[in-house]
Amino acid sequence: MRPILRSSTLASSVVALAFLPHCSSESAPAPQGTRAFDSGDSKLVVDLDAGTLVLSYKGATRVTLPKDALALGALDAVKDEANYDPYWLYVENALNRPPDSLRWLVPDRIEPLDASSFTLRYPENATAVLRIATGALPGAFKLSLTDVQGPIAYLRLRTRSDATEGFYGLGEFFDDVNQRGKIRAMQIELDGELESSYNEAHAPIPLLLGTRGWGLFVNTLRPGAFAVASEEADRVDAAFGTGVATRTEGLTFHLFAEAHPLDLTKHYHAVTGKPRLPARWALGPWFWRNDTTGQDEVMADAKALRDNDLATTGLWIDRPYASAVQTFDFDSVKYYDGKTMMEKVHGLGLRVAIWHVPYLDEKDPNTQVYRDRATSEGFYPKTHGPNFNKWGVPIDLANKRAYDWWQALVSAYTVLSKVEGFKLDYAEDIVPGLTAARNKWEFGDGSDERTMHAGYTLLYHKLYADLLPKDGGFLLCRHANVGDQVNGPILWPGDLDADFSKHRDKVKDSSGKSYIAVGGLPASVIAGLTLGPSGFPFYGSDTGGYRHGPPKKELFTRWFEQTALSSVMQVGNGDSTVPWVADPKTGFDAEMLGWYRTYARLHLRLFPYEWSYAQKLLVDGRPIQRPLGLAYPELGAHPNDAYMFGDHLLVAPVVAEGQRTRAVSFPKGAGRFYDYWTGEAHDDGSNATVAAPLETLPLFLVEGGIVPLLRPTIDAMAPTTEPALVDSYATTPGLLWVRIAPGPGRAFELFDGARVEHSTAGGALTINLKDGAEFKNGFVLELIARAKPASVSGLTEVADLAALEAAPSGWTWTKDVGGTIFIKIPTGTSVVVK
């Protein structure tokens, strides 16, 4: 495939008409002036004479919609049987090319219709109406292109902005966090080069964010494509195949402007719904096997997790576990006493989820009774295209009766078996088209593949989400689309490679056969960083990869180091290797198990830090994992392997095989950064090559940074019947541990109202502490300090950490992290360190 340049003679001649008066026989029309719309500090100005729209923030232009911004893709005739997938307007493919009669029409005149509406007049007597309103939040505008008249199959938006800025969003991608120069499909497309045979567009979201502080969101489920500065450095095109629905639906899009680009995502949430948060325990670490042999193995794994002191919050049972896909049961031979199994697993402080799909295996006699019911009741789609799964046609969830029937069947797991989560796989069968003709699907509510390629996902996930506990559950999903964040999905990137390959690397397998890789660890890191700004804050990849396994010791180690500092840590791979079983083939050994123990516990200890940001994002929309180039746009760089985890932690994972050092660029203006493990300081804006032995994740705490943590012994979040074995948050939140880096004063307010604030004056560090609704049992402060202090107000110095643990309060200084003051305080108060 290769990009197609859109500068044909036909297209150029039609565009040229836009610069002529509407009626060439008349004199030039009288000037019409401008119309301005205000929303907070943002302004949208429509210049009726120039035919442009300009979005500004506090007087500074963020983006311009030029005269050709609202283009109509006209054909000689628009046919219902045709596939108007706009991706093929930009990328050449032998099966699907632009229609021969396509020409782009741009307005040659804008006329006021009323105070907030405008008539757009195009060549060939085509017209449309543009309606403008302020958005749900200050800084936002809603624009609707409606009442489109003419044989129009495509609607295209175009923006002009800074030729050097970075672009984020558009959903999940594996190759780059910066979308500049990319052509992105908003739906699954065939890809004959890639090993998976399709483009891996699991979560396409038509939300584009510019690092200068503007955003474009197109609120449609129709097939779409974005060409992001792929032809001209300052130009973005967003085209949508509206086909026969052009006149009735038109196109609604939103423009946003903010002081900082991290604040743009909240506008997407305001339009489509705020994310539903998963359960606290859903953040992990999770454990799973690809092929579970049965109840005995599940219980043995649960016991091994606790016997090996591996912090874990849940496990899911992947297939096969039922009599068939799907029979809504547990195989009575392999799972001979499910009630006892669930009680024992729950007793160890572990929550349980199961794998599921919306199919009935057409080849398995165990599903016959369900298939007969689905057929007789009309619970399958009325028309369907090819299936991209192993089992059969998906259930028609757009049919309300079919939806209710399926949900009632699934509820047997949540009600009777006490399952509290689901891994929802597949359901990517519905694609708009494989050739120039439609890939026809017809559903019970009258919808078809032209919207249900995205809409089916929303129904699928909602059905299961509504069965989860009110305080949240676990919903791990392969696919997502516009608005799906309201169902609370944790997204995983599908089946990545169990190696260090980058997306589209040419790789040879163990037999010497070459393939174009989906990507391994580097692709996983990028996927998580692209999803957060796109409105989906929770992400967890298969730690260790899935394809071409099993993962070797080095890869698995680098992968769990990184997923420990991701929003969700889930651990499992396609070969079902586990960290506590030594294996000469993979190199798994006791050394690696010790490293895994450290990072799994670090992830769980970070719960109060991460959960506080999870609560904040419901208001500010800022992702938990933040690409460095988006968090610090003044960098002018967009690394794929460095990011902020919240405001205070900079993560620089190693994603290349054999690498034992790595370069890190510390953002200028952020202040110094301190190595999390050694306390070494790195100056503001400096570049450094840091040591990265296999057991070490390069991790840095910003100056003055505050990181609240759970106690170092924490094992789980859920209730346990064995508190002597399992140290669970549900038993007690315990003391709140807080690591603080030297530097200017900062404050951190936790999700429960607890607060930590520090300031420095006259050579003394004052720390103010406030109890919260949950954290009210005291604090242990870890202050990075090279030198031992002279005193800590009101507290007695003790000999060491063991003595501090035994004492109700006190302080000590150790050489940990290059020098650390540990202070134990029984309740919220103030301390002064001199």
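Keep in mind it's a predicted model, so treat the numbers as computed, not measured.

**Student:** Can you tell me about the overall build of the chain, naming the residues and giving the values?
**Tutor:** Broken down by element type, the chain carries 14 helices and 45 strands. At 28 Å, the chain has a C-alpha radius of gyration in line with the 28 Å of a compact globule built from 834 residues. Along the longest, intermediate and shortest principal axes, the C-alpha atoms of the chain span 95 × 75 × 50 Å. Across the 834 residues in the chain, those meeting the buried criterion constitute 63%.

**Student:** Residue-level account of the nonpolar core, with values.
**Tutor:** Grouped together as the largest cluster of nonpolar side chains are 201 residues, with contacts concentrated most on Ile317, Trp406, Leu565, Leu649, Leu781 and Ile823. At eight residues, the largest contribution of residues to this core is made by helix H11 (residues 590–605). Grouped together as the second largest cluster of nonpolar side chains are 47 residues, Ala69, Leu70, Ala128 and Phe253 included.

**Student:** Please set out helix H5 (residues 338–347) residue by residue, giving values where relevant.
**Tutor:** Turning to H5, its buried residues are Met341, Met342, Val345, His346 and Gly347. Tucked inside the fold, the buried residues of H5 contact helix H4 (295–307), strand E20 (314–317) and strand E21 (351–356). Where H5 terminates, the next one or two residues include Gly349, which has phi positive at roughly 75 degrees.

**Student:** Describe in detail the sheet that holds strand E23 (residues 474–477), supporting the description with residues and values.
**Tutor:** In a beta sheet, neighbouring strands pair by backbone hydrogen bonds and run either parallel or antiparallel. One open sheet holds the eight strands; their spatial order is E24-E23-E22-E21-E20-E19-E28-E27, and the pairing between them is parallel. Edge strands, defined here as strands with exactly one partner in the open sheet, are strand E24 (490–491) and strand E27 (542–543). Pairing analysis gives three bridges linking E21 to strand E22 (residues 421–424), with the strands arranged parallel. Among the inter-strand pairings, Ile354 is bridged to a residue of E22, identified as Phe422.

**Student:** Hey, could you go over unusual backbone geometry for me, with residue numbers and the actual values?
**Tutor:** A cis amide bond, omega -10 degrees, links Val325 with the succeeding residue Gln326. Structurally, Gln326 is set in the loop between E20 and H5. The omega torsion across Gly549 and Pro550 is 5 degrees, close enough to zero to call that bond cis. Considering the arrangement of structural elements, one finds Pro550 in the loop between E27 and helix H10 (553–564).

**Student:** Talk me through the environment of Leu194; I want residue IDs and the actual numbers.
**Tutor:** Inspection of the secondary structure assignment puts Leu194 in the loop between strand E13 (183–185) and strand E14 (204–210). Residues Leu194 and Tyr515, 321 residues apart in the sequence, show an inter-C-alpha distance of 7.4 Å.

**Student:** Explain the pairing of strand E5 (residues 70–74) residue by residue, including any values.
**Tutor:** Counting buried residues in E5 gives five out of five residues, a clear majority hidden from the surface. Across the two faces of E5 the burial is the same, with Leu70, Leu72 and Ala74 and Ala71 and Gly73 all buried. Here E5 runs beside strand E11 (residues 152–160); their pairing, made up of five bridges, is antiparallel. In the sheet register, Leu70 faces E11, and the bridge partner there is Leu157. In terms of strand pairing, E5 meets strand E6 (residues 103–105) through three bridges, oriented antiparallel. Bridged to Leu72 within E6 is Leu105.

**Student:** Describe H4, and please don't skip the residues or the numbers.
**Tutor:** Taking 1.5 Å as the rise per residue, H4 with 13 residues should run 18 Å; its terminal C-alpha atoms sit 18 Å apart, in good agreement. Among all positions of H4, only Gln295, Glu297, Val298, Met299, Asp301, Ala302, Ala304, Leu305 and Arg306 are buried. Just past H4, the residue Asp309 takes up positive phi, approximately 55 degrees.

**Student:** Tell me about the packing of aromatic side chains, and name the residues and values.
**Tutor:** Under the counting rule described, the total for this entry stands at 47 aromatic pairs. Between Tyr609 and Tyr613, the aromatic rings sit 5.0 Å apart at their centres with planes inclined by 75 degrees, giving edge-to-face as the arrangement. With Tyr609 and Tyr613 both in helix H12 (residues 607–620), this residue pair falls four residues apart, about one helical turn. A ring pair is formed by Phe666 and Phe700, whose centres lie 5.0 Å apart and whose planes are at 90 degrees; its orientation type is edge-to-face. Taken together, the residues Phe666 in the loop between strand E32 (661–665) and strand E33 (673–675) and Phe700 in strand E36 (residues 699–702) connect sequence positions 34 residues apart.

**Student:** With reference to specific residues and values, describe the pairing of strand E10 (residues 140–149).
**Tutor:** The element E10 is extensively covered by neighbouring structure, given that seven of its 10 residues are classed as buried. Bridge count between strand E9 (residues 127–134) and E10: seven bridges; the pairing is antiparallel. Bridge assignment links Val129 to a residue of E10, and that residue is Thr146. The antiparallel pairing of E9 with E10 creates a hairpin that spans five residues between the two strands, and Gly139 there sits at a positive phi of about 100 degrees.

**Student:** Kindly report on the pattern of salt bridges, identifying the contributing residues and their values.
**Tutor:** The full count for this structure, using the stated rule, is 52 salt bridges. Put simply, Asp466 and Lys462 hold a salt bridge, and the shortest N to O gap is 2.5 Å. Note on Asp466: relative accessible area 40%, which makes it partly exposed.

**Student:** Could you give an account of the packing of helix H7 (residues 400–415) against helix H8 (residues 449–465), with specific residues and numbers?
**Tutor:** Taken N-terminus to C-terminus, the directions of H7 and H8 make an angle of 40 degrees; their axes are 10 Å apart at the nearest point. Of the possible angle classes, the one that applies to H7 and H8 is oblique. When the axes of H7 and H8 are compared, the crossing they make is right-handed. Contact residues: Tyr403, Trp406, Gln407 and Val410 in H7; Leu459, Lys462, Leu463 and Tyr464 in H8. Across the contact of H7 with H8, the residue classes tally to six nonpolar, one polar and one charged.

**Student:** Got a sec to walk through the environment of Leu476? Specific residues and values, please.
**Tutor:** In this structure, Leu476 sits in strand E23. Each C-alpha atom, one on Leu476 and one on Asn389, is 18 Å from the other, the two residues being 87 residues apart in sequence. For Leu476, the contacting residues outside a window of four places in its chain are Trp316, Phe422, Lys423, Leu424, Ile490, Leu491, Trp492, Gly540 and Gln570.

**Student:** Describe the environment of Tyr268, listing the residues and the values that go with them.
**Tutor:** By the element assignment, Tyr268 lies in helix H3 (residues 265–272). Assessed through its relative accessible area of 0%, Tyr268 is described here as buried. The contact partners of Tyr268, leaving out residues within four places of it in the chain, are Ile205, Leu207, Phe217, Phe256, Gly273, Asn481, Val482, Gly483, Gln485, Ser534, Gly535 and Phe536. Among the polar contacts made by the side chain of Tyr268, one reaches the side chain of Gln485 at a distance of 2.8 Å.

**Student:** Give a detailed account of the side chain of Thr265, specifying residues and quantitative values.
**Tutor:** Relative to the elements of secondary structure, Thr265 occurs in helix H3. Ignoring any residue separated from it by four or fewer positions in sequence, one finds Thr265 in contact with Leu209, Gly532, Pro533, Gly535 and Gly621.

**Student:** Requested: an account of the confidence of the model for the chain, with residues and values cited.
**Tutor:** On average, the chain scores 95 in pLDDT, and the residues at 70 or more come to 96%. Low pLDDT, under 50, characterises residues 1–26; the predicted model gives this stretch 45 contacts beyond four residues in sequence or across chains.

**Student:** Pulling in residues and values, what's your account of the sheet that holds strand E18 (residues 251–257)?
**Tutor:** Read across the sheet, eight strands follow the order E7-E8-E9-E10-E18-E15-E14-E12 without closing on themselves; strand pairing throughout is antiparallel. Whereas interior strands pair on both sides, the edge strands pair on one side only; in this sheet they are strand E7 (109–114) and strand E12 (167–171). Taking each pair of neighbouring strands and ignoring which way they run, the sheet shows an average axis angle of 20 degrees. Against the sheet, H3 contacts E10, E14, strand E15 (214–218) and E18, and its axis sits at roughly 145 degrees relative to E18.

**Student:** Describe in detail the packing of H10 against H11, supporting the description with residues and values.
**Tutor:** At a closest axis distance of 8 Å, the pairing of H10 and H11 adopts a crossing angle of 15 degrees. By the criterion of interaxial angle, the relationship of H10 to H11 is roughly parallel. In terms of crossing hand, the pair formed by H10 and H11 is left-handed. Of the residues in H11, those touching H10 at Lys553, Phe556, Thr557, Phe560, Glu561, Thr563 and Ala564 are Glu591, Met592, Trp595, Tyr596, Tyr599 and His603. Of the residues contributing to the contact of H10 with H11, the split by class is seven nonpolar, three polar and three charged.

Criteria and thresholds
- Residues numbered from 1 in each chain as written.
- Predicted model: local features only at pLDDT ≥ 70, side-chain atom pairs only at ≥ 80, totals over all residues.
- Heavy atoms only, no water.
- Helix = DSSP H or I, 4+ residues; strand = E, 2+ residues; numbered from the N terminus.
- Rg over C-alpha atoms; globule rule 2.2 N^0.38 Å.
- Buried < 20%, exposed > 50% of the residue type's maximum accessible area, 1.4 Å probe, protein only.
- Core = buried A, V, L, I, M, F, W, Y, C linked by side-chain atoms within 4.5 Å.
- Contact = heavy atoms within 4.5 Å.
- Pairing = 2+ DSSP bridges.
- Expected span 1.5 Å × (residues − 1).
- Phe/Tyr/Trp six-rings, centres within 6.5 Å; stacked < 30°, edge-to-face > 60°.
- Salt bridge = Lys/Arg side-chain N within 4 Å of Asp/Glu carboxyl O.
- Axes fitted to C-alpha atoms, helices over the stretch in contact; angles between N-to-C directions.
- Parallel < 35°, antiparallel > 145°, perpendicular 65-115°, else oblique.
- Left-handed = near helix turned anticlockwise from the far one by under 90°.
- Nonpolar A, V, L, I, M, F, W, Y, C, P; charged D, E, K, R; others polar.
- Polar contact = N/O pair within 3.5 Å; in protein donor to acceptor, adjacent residues only side chain to side chain.
- pLDDT = per-residue confidence, 0-100.

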